[in-house]
Amino acid sequence: MAGVVRLIDMVFPGDTNHHGTLFGGVALAHMDKVAFLAASRHGRAPFVTAASERIDFAAPALKGELIEAAGRVVRVGTRSLDIEVELVAEALLSGERRLCTRGRFTLVAREGTTAPLPPLASSSTGSEAEPEGVLVMADMVFPPQTNHYGTLFGGDALRMLGKAAFIAATRDTRKVMVMAASDRVDFTTPIHEGEMVELAARVVMRGNRSRRVRVELWAENLLSAERRCAASAEFVMVATASAHFDA
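Rules behind the numbers
- Residues numbered from 1 in each chain as written.
- Predicted model: local features only at pLDDT ≥ 70, side-chain atom pairs only at ≥ 80, totals over all residues.
- Heavy atoms only, no water.
- Buried < 20%, exposed > 50% of the residue type's maximum accessible area, 1.4 Å probe, protein only.
- Helix = DSSP H or I, 4+ residues; strand = E, 2+ residues; numbered from the N terminus.
- Pairing = 2+ DSSP bridges.
- Axes fitted to C-alpha atoms, helices over the stretch in contact; angles between N-to-C directions.
- Contact = heavy atoms within 4.5 Å.

Participant: Explain the pairing of strand S4 (residues 80-90) residue by residue, including any values.
Facilitator: Burial within S4 is extensive, with nine of its eleven residues counted as buried. Of the pairings in the sheet, the one linking strand S3 (residues 66-76) to S4 comprises ten bridges and is antiparallel in character. Each bridged residue has a counterpart across the sheet, and for Leu 66 the counterpart in S4 is Glu 90. Remark: three residues form the turn of the hairpin made by S3 and S4, two consecutive strands paired antiparallel. In this structure, the hairpin formed by S4 and strand S5 (residues 97-109) is closed by a connection of six residues, where Gly 95 is found at a positive phi of approximately 85 degrees.

Participant: So, the sheet that holds strand S1 (residues 5-10): which residues are in play, and what are the values?
Facilitator: With antiparallel pairing, the five strands of this open sheet are ordered in space as S1-S3-S4-S5-S2. Where the open sheet ends on each side, the last strands, each with one partner, are S1 and strand S2 (47-57). Neighbour to neighbour, the strand axes of the sheet diverge by 25 degrees on average, direction disregarded. Taken together, the six bridges between S1 and S3 define a ladder with antiparallel strand orientation. Within the sheet, the bridge partner assigned to Val 5 lies in S3 and is Gly 71. Contacting S1, S2, S3, S4 and S5, helix H1 (residues 24-43) crosses the sheet at an angle of about 135 degrees to S4. Packed on one face of the sheet, helix H2 (residues 154-173) meets S1, S3, S4 and S5 and runs near 90 degrees to S1.

Structure representation (structure tokens):
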């Protein structure tokens, strides 16, 4: 039984309005995507979004902040289920977090899906804990990210790996970090269109001004639940000259 699914991204200028805050539509797109991933992991069926209920925008997410959308299955019917989603903004340098948006999404399994859907287990909250010291973040592979074989571009996989390394290093130091080097990158299996990807990043070495981060990229078939490690890499992240370290 799947627990909470977390999608983590950065707020870049192209995602903001003239106030420098995240567009509401972009926030809803992240929330709908994580709702779909949570629903698919639970039901192992092809889902479509049927409705959203009471989307509350409590606070803005600012340019340059991290946003974390977390989705959890809260109701299961015969062919539909509800996902509760919260989107939280985090200031990377201070660590300050605030709830920006909350809502509930109803997703319905497409015609032909075997009914009923798996029931909601009362103990499902126990599966949401992440391994200590590991940043876990999910995403999905859509057609624009794939080549003519229908598999994820290597460049897009590297972008995902690098983003996870950046977030893990910055959360570990609360400093402005930049990529200094990328060690050996191993691509072991292709990642197909429509699959979920899950990145697991861990700081494996700490220097005075640097962090070495190991990242694994896992692919998951949302219908069969088959998982495989598709790529792994290590990155050296270094604090900028303006950052001051006590360690």
